[in-house]
Amino acid sequence: MSAPFYITTPIYYVNDVPHLGHAYTTIVADALARYHRARGTDTRFLTGTDEHGQKIEEVAQKRGLEPKAHADEVVERFRATWQNLDIAHDDFIRTTEPRHEAVVAEVWRRMAAAGDVYLGEYEGLYCVSCEAFYTEGQLDAGELCPTHKRAVTRVKEPSYFFRLSRYQEPLLAHIDANPDFIQPESRRNEIVAFLRTGLRDISISRTTFRWGIPAPGDPAHVIYVWVDALTNYVSALGGPGAPLYERYWPGACHLLGKDILRFHAVYWPAMLLSAGLPLPRTLFAHGWWTLRGEKISKSLPATRVDPNQLAADLGPDALRYFLLREVPLGVDGDFSYESLIGRVNSDLANDLGNLLHRTLAMTDKYVGGIVPAAAPELDATGAHAELAALAERVRAETERHFDAFAPSRALESIWELVRAANRYVDVAAPWTLAKDPTRRRELEHVIHTFLEAALWAALLAAPVIPRKAGVLLEQLGVPELVGGWPSRWNCELPAGRTTTRGAPLFPRIDEDRQAELLARWLPPESGADAGGARQTDAPATTKPAATAATERPTATKQKPPAPAAPPGMIPYDDFARLDLRVARVLTAERIPGADKLLRLALELGGETRQVVAGLAEAYSPEALIGRSVIFLANLAPRRIRGVESQGMILAAGEDQVLALSALDRDVPPGTKVR
Ligand code: MSP
């Protein structure tokens, strides 16, 4: 049996109710936990809520509540959402629980005992929404937080500091020795580039508000909310030395959004090193769900998509499947209700639903609804052999992809089996075999085989669609196999079981139903299209886009059509989709074996991007470091010579680069270009 697996989500702030972004991380973690459990791995899955800090104190004050009373209310919304989405966590931690507060104090004491905590005065810029400090260079024009586009506050107060600067080299060494520590690779490179620029000590206590854990020995200070929050991963196991800690901490894997990678990949490991504790095994940073390019978040309510509503209307499995299948983990995805409906209809209703429906109907018709025995000698011949080989390959690939945090690819493989099984039914043509009594054994084998294929699909996909996989197994007469994993082809489904036909597994969403759902999901006053987002930046006359008519069944019926662009021109909307930004070159290096290419790390206002650019013939790597360039930030990533390129630098020249884009004044990285 493999080593224990301990998967965590970030703990979510209780300043607002759960949205699709939170649901995404939690569903991915749940699917991975279910997969590892099904493989027999000793698995633990933790989620929870982050309840301290200035942001929560302010939100509670606005509501006229004590912060704890506010948190008690909102935490229930998270619990209910996880229930609605069939999240099967083993533990739910709240940072206001005594079991957590005790371990935070212990970690603080350990860091202090290592000589890494000292008293000073902090003066600088703070974004309450991020609960993070910024330097001037990191802010957007007008001293705005680059993430929340809100004014930061200047704070000056006595503060304890953590000697983060001591950990630059140990962290680089750890990352170097453990290439899988930070995933995906592009994010690891980003952190390495950041670490190489040097680390400054960080402020880890505040004195100007009270809602937090008091610093040991100096209760005038509350512990910085990130130090408090990150410790949840250990406190939920009972803290260093506790039995659960001993059992699970070595297998720790933190899943998180790319927005909070630095806290997890720099602060947290440095804290652990200082406290004399081992580091987690893996950090995996996934991308963002956006709506028309804007990050789905609570601070941008126009982009709010309610996972509870979607799960109530389509069933949790449809949403889970869509989120995991649509976009590879690690990459950003633009959410649209249409793609969601499209996936439900094609993959779930058509491919999987059909397979089950046809196989159960034929089992009823030809063998009286009783699972017949397989004929193992036939598995080595023709279409049977092909399906058998494919099923074994798909199982191995599914395992490989889930093991590598690639649920979308796992689902892609599983659907290869689903589609092949549908084709097998057509080729094996049980209706023809049934006419010839001498071919009875073959007929029974075919029926066994397609039932087995449906069973394998259910078991392999169950981590993602647990509820419907359970129904499917029940209809095949094997409810006891829930939570299992297939191992040998045509040996999983016992002969003699009674199958049962039921309502369609995933009903097709026809046009009327689509219109009804879209009317419910899209707020009437939002002016939103089927993508769901409000277009705040485009002039009114240019929306909606010209392609809209067929794509937006209800919500856009009353909208005026967009003026068509003259031939050869693009409408403003198309231009507005380009996310052009100022980026600063942090590092540049040649790519071995590629004469024209350089690998660059670019600072983009709070995040780093890796880019492969064909600049090597025009510029030496050294000449680029420190320059500001114009950067296309929402270009889909692609691999060039095995290296992921996450965007594009603009330069003049067609086949050859003649000159790099530049700005005639210094502006902070991340500033929008229009
Ligand atoms: N409380 C901190 C985390 C502390 S962990 C020790 C926090 N909370 S949060 O409520 O803001 O949640 C952030 C996390 O929610 C992201 O890291 C990501 O997992 C998820 N997401 C929030 N918005 C998202 C998208 N639009 N898309 C994908 N995931 C997103 O930060």
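Everything discussed here concerns the structure shown above.
This text gives an overview of the structure that appears in the document. (Residues numbered from 1 in each chain as written. Predicted model: local features only at pLDDT ≥ 70, side-chain atom pairs only at ≥ 80, totals over all residues. Heavy atoms only, no water.)

**Examining the site of the ligand**
(1) Moving on: By nearness alone, 25 residues border the ligand, and Ile11, Thr25, Asp50, Trp289 and Ile296 come closest of all.
(2) Moving on: Residue Tyr13 places a main-chain N or O atom 3.1 Å away from an oxygen atom belonging to the ligand.
(3) Moving on: One of the backbone N or O atoms of Gly257 is found 2.9 Å from an oxygen atom in the ligand.
(4) Moving on: Protein contact buries 96% of the 670 Å² of open area that the ligand shows by itself.
(5) Moving on: For the shell around the ligand, the secondary structure elements donating two or more residues are strand E2 (12-13), helix H1 (20-38), helix H7 (225-230) and helix H8 (232-235).
(6) Moving on: The residue makeup of the shell around the ligand, split by class, is 12 nonpolar, 9 polar and 4 charged. (Near = heavy atom within 4 Å. Polar contact = N/O pair within 3.5 Å; in protein donor to acceptor, adjacent residues only side chain to side chain. Areas by Shrake-Rupley, 256 points an atom, 1.4 Å probe, with all protein chains shown as cover. Helix = DSSP H or I, 4+ residues; strand = E, 2+ residues; numbered from the N terminus. Nonpolar A, V, L, I, M, F, W, Y, C, P; charged D, E, K, R; others polar.)

**Some words on the layout of surface pockets**
If a probe as big as a water molecule is rolled over the atoms, it shows which places are left empty.
(1) Moving on: Considered as a void within the structure, the second largest pocket measures approximately 640 Å³ in volume.
(2) Moving on: Taken together, 26 residues form the lining of the second largest pocket, with Pro184, Glu185, Leu329, Arg639 and Glu644 sitting closest to its centre.
(3) Moving on: The set of elements that each furnish at least two residues to the lining of the second largest pocket consists of strand E8 (182-183), helix H6 (185-196), helix H14 (382-403), helix H15 (407-428) and strand E22 (638-640).
(4) Moving on: Along the lines of polarity and charge, the residues of the lining of the second largest pocket split into 11 nonpolar, 6 polar and 9 charged. (1 Å grid on protein atoms, 1.4 Å probe; cavity = no way out; pocket = protein on both sides within 12 Å on 5 of 7 lines; lining within 4 Å. Points joined across faces, edges and corners; volume = space filled by probe spheres on them.)

**Here's the deal with the packing of aromatic side chains**
Two aromatic rings are characterised by how far apart their centres lie and by the angle between their planes.
(1) Moving on: Here the structure, examined in full by the defined rule, presents 28 aromatic pairs.
(2) Moving on: Ring centres of Tyr321 and Trp415 lie 4.8 Å apart, and the angle between their planes is 45°; on these two criteria the pair is classed as tilted. Residue Tyr321 is found in helix H12 (residues 316-326), and its partner Trp415 is found in helix H15; the two are separated by 94 residues along the sequence. Both residues of the pair, Tyr321 and Trp415, count as buried.
(3) Moving on: An angle of 90° between the planes, with centres 5.2 Å apart, marks the rings of Phe335 and Tyr337 as edge-to-face. Tyr337 shares its class with Phe335; the two are buried.
(4) Moving on: These aromatic residues form a ring-pair network of at least three members: Tyr6, Tyr233, Tyr245, Tyr248, Trp249 and Trp268. (Phe/Tyr/Trp six-rings, centres within 6.5 Å; stacked < 30°, edge-to-face > 60°. Buried < 20%, exposed > 50% of the residue type's maximum accessible area, 1.4 Å probe, protein only.)

**Comments concerning the pattern of salt bridges**
Oppositely charged side chains may form a pair once their charged atoms are brought near each other.
(1) Moving on: Inspection of the entire model under this criterion finds 45 salt bridges.
(2) Moving on: Note that Glu377 is salt-bridged to Arg441, the shortest N-O span being 3.3 Å. With Glu377 in the loop between helix H13 (337-367) and H14 and Arg441 in helix H17 (residues 440-461), the pair connects residues that are 64 residues apart, well separated along the chain.
(3) Moving on: Relative accessible area serves as the criterion here: at 44%, Arg441 is assigned to the partly exposed category.
(4) Moving on: Connected through salt bridges with shared partners, the residues Glu326, Arg343, Asp347, Asp351 and Arg419 form a single ionic network. (Salt bridge = Lys/Arg side-chain N within 4 Å of Asp/Glu carboxyl O.)

**As for the sheet that holds strand E11 (residues 214-215)**
(1) Moving on: In spatial order, the strands read E10-E12-E11; together these 3 strands make up an open sheet with antiparallel pairing. Of all the strands in the sheet, the pair left with one neighbour each is strand E10 (205-206) and E11.
(2) Moving on: Sheet topology places E10 next to strand E12 (residues 218-223); 2 bridges connect them, and they run antiparallel. Looking at the pairing, Ser205 lines up with Ile223 of E12. (Pairing = 2+ DSSP bridges.)

**Brief notes about the pairing of strand E3 (residues 43-50)**
(1) Moving on: Across the 8 residues that make up E3, a large majority, 8, are buried.
(2) Moving on: Taken together, the 4 bridges between strand E1 (residues 5-8) and E3 define a ladder with parallel strand orientation. Of the residues in E3, the one forming a bridge with Phe5 is Thr43.
(3) Moving on: Note: E3 against strand E4 (residues 91-94), 4 bridges, orientation parallel.

**Remarks on helix H11 (residues 307-314)**
(1) Moving on: For H11, a buried count of 6 out of 8 residues is recorded, marking the element as mostly surrounded by other parts of the structure.
(2) Moving on: Regarding H11, the residues found buried are Pro307, Asn308, Leu310, Ala311, Asp313 and Leu314.
(3) Moving on: Looking at the packing, one finds that the buried side of H11 touches H1, helix H3 (67-84), H12, H13 and helix H19 (511-521).
(4) Moving on: Capping of H11 at its N-terminal end is provided by Asp306; its side-chain oxygen lies 2.9 Å from the backbone amide nitrogen of Asn308.
(5) Moving on: Downstream of H11 by one or two residues, Gly315 has phi in the positive range, about 90°. (Contact = heavy atoms within 4.5 Å.)

**Some details on the pairing of strand E7 (residues 153-162)**
(1) Moving on: Inspection of the sheet shows strand E5 (residues 117-127) paired to E7 by 10 bridges, in the antiparallel sense. Following the sheet pairing, Gly124 is matched in E7 by Val155.
(2) Moving on: Where E7 lies against strand E9 (residues 202-203), 2 bridges are found, and the strand directions are antiparallel. Note that in E9 the partner of Phe162 across the bridge is Ile202.

**Brief notes about the environment of Pro637**
(1) Moving on: Positionally, Pro637 belongs in the loop between strand E21 (628-632) and E22.
(2) Moving on: Given a relative accessible area of 36%, Pro637 falls into the partly exposed group.
(3) Moving on: Between the C-alpha atom of Pro637 and that of Leu20, which follows or precedes it by 617 residues, the distance is 23 Å.

**Some points on the state of the cysteines**
By definition, a disulfide links the sulfur atoms of two cysteine residues through a covalent bond.
(1) Moving on: Counted by the stated rule, this structure contains 0 disulfides.
(2) Moving on: For Cys145, which is in no disulfide, the shortest distance to another cysteine sulfur is to Cys127 and amounts to 3.6 Å. (Disulfide = S-S within 2.5 Å.)

**Overview of unusual backbone geometry**
(1) Moving on: A cis amide bond, omega -10°, links Gln183 with the succeeding residue Pro184.
(2) Moving on: Residue position: Pro184 is located in the loop between E8 and H6.
(3) Moving on: With a phi angle near 50°, Arg292 is a residue other than glycine that sits in the positive phi range.
(4) Moving on: Along the polypeptide, Arg292 turns up in the loop between strand E15 (289-291) and strand E16 (294-295).
(5) Moving on: Judged by its relative accessible area of 35%, Arg292 falls in the partly exposed class.

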